[in-house]
Amino acid sequence: MNKNLFRILPIVLTIALITGCILHNNEFNTPDIVLKKDGQLCISIPENENFFYSKKEYSILTTEVFQTGIGQLWKKNYFYPSEPYYVKNQECLYFNYHFQNNIFYTISFISTEKGNNENQKSTQKTWIRFVRIIKKQDGTMQLLLDAEASGYS
């Protein structure tokens, strides 16, 4: 039994190390999302994005909405200097999309801190979150996020 353990242990440790590195190097950030009174979403850069918890301005480069099994539903680019789009952390981003009930969406956007070279990939952050809005039996709306949103049926 001990011989088998010593044969398997290096494989298990290698897999754990590789998996840990992949998870640690995740290049995606998680935005804050809340359900507003009108049943639509407020998607924002979290307050804790800035180490000193001060309000910074961010340049939004692109915003997108996807639906699983369908593909891209909506996209807006802000790459052009003539129409920059700046927000502060905890400020709702403008998504010109009407979110419907009981649809599994993927929300994404790309940002960089205002003042950074916005064409440099190293200063950009990609934000992704999975969401679903459901109508409960009592008629109120509820926001489901990530695994809860994907597992709901």
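The paragraphs below set out a description of the structure included in this document. (Residues numbered from 1 in each chain as written. Predicted model: local features only at pLDDT ≥ 70, side-chain atom pairs only at ≥ 80, totals over all residues. Heavy atoms only, no water.)

On to the overall build of the protein. The number of helices and strands found in the protein is two helices and nine strands. Ordered by position in the sequence, the α and β elements of the protein form the string α-β-β-β-β-β-β-β-β-β-α. Among the 153 residues that make up the protein, the fraction classed as buried is 30%. A separation threshold of at least 6 residues defines the contact pool for the protein, and within that pool the share at least 24 residues apart is 56%. Carbon and sulfur atoms make up 54% of the accessible area of the protein, which amounts to about 10400 Å² in all. (Helix = DSSP H or I, 4+ residues; strand = E, 2+ residues; numbered from the N terminus. Buried < 20%, exposed > 50% of the residue type's maximum accessible area, 1.4 Å probe, protein only. Contact = heavy atoms within 4.5 Å. Areas by Shrake-Rupley, 256 points an atom, 1.4 Å probe, with all protein chains shown as cover.)

We now examine the nonpolar core. In this structure, Phe95, Phe99 and Ile107 are the most contacted members of the largest nonpolar core, which totals 23 residues. At the level of secondary structure, the elements contributing two or more residues to this core comprise strand E3 (41–44), strand E4 (57–67), strand E7 (105–113) and strand E8 (124–135). Residue contacts for Phe95: discarding those within four places in its chain leaves Ile43, Thr63, Glu64, Val65, Trp74, Ile107, Ser108 and Phe109. (Core = buried A, V, L, I, M, F, W, Y, C linked by side-chain atoms within 4.5 Å.)

Moving residue by residue along a regular strand, the side chains alternate between the two faces of the sheet. In terms of burial, E4 is largely enclosed, as eight of its eleven residues are buried. Bridge count between E4 and strand E6 (residues 86–88): three bridges; the pairing is antiparallel. Each residue of the ladder has a partner; that of Ser59, found in E6, is Tyr86. Of the strand pairs in this sheet, E4 and E7 are connected by nine bridges, and their pairing is antiparallel. For Gln67, the partnering residue across the bridge sits in E7 and is Tyr105. As defined by bridge partners, E4 adjoins strand E5 (residues 71–77) across six bridges and the pair is classed as antiparallel. Residue Thr62 lies in a different strand from E5, and its bridge partner there is Asn77. (Pairing = 2+ DSSP bridges.)

Next up on the list: the state of the cysteines. Overall, the coordinates contain one disulfide when judged by the stated rule. One disulfide in the model links Cys42 with Cys92; its S-S distance is 1.8 Å. Given an S-S torsion of about -100°, the disulfide between Cys42 and Cys92 has left-handed geometry. Taken as a pair, Cys42 in strand E3 and Cys92 in the loop between E6 and E7 lie far apart in primary sequence, 50 residues in all. Residue Cys42 is classed as buried on the basis of its relative accessible area, which comes to 8%. Cys92 gets classed as partly exposed once you look at its relative accessible area, which sits at 35%. (Disulfide = S-S within 2.5 Å.)

What describes a pair of aromatic rings is the distance from one ring centre to the other and the angle between the planes of the rings. Summed over all chains, the structure comprises seven aromatic pairs. An angle of 45° between the planes, with centres 5.7 Å apart, marks the rings of Trp74 and Phe95 as tilted. On the criterion of sequence distance, the pair formed by Trp74 in strand E5 and Phe95 in the loop between E6 and E7 is long-range, its members being 21 residues apart. Side by side, Trp74 and Phe95 carry an identical accessibility label, which is buried. A centroid spacing of 4.8 Å and a plane angle of 40° characterise the contact between Tyr78 and Tyr85, whose relative ring orientation is tilted. Classification of Tyr78 as buried rests on a relative accessible area of 9%. (Phe/Tyr/Trp six-rings, centres within 6.5 Å; stacked < 30°, edge-to-face > 60°.)

Relative to the assigned elements, Asp38 resides in the loop between strand E2 (32–35) and E3. Residues Asp38 and Met141, 103 residues apart in the sequence, show an inter-C-alpha distance of 9.6 Å. At 2.9 Å, the side chain of Asp38 and the backbone nitrogen of Gln40 are in polar contact. (Polar contact = N/O pair within 3.5 Å; in protein donor to acceptor, adjacent residues only side chain to side chain.)

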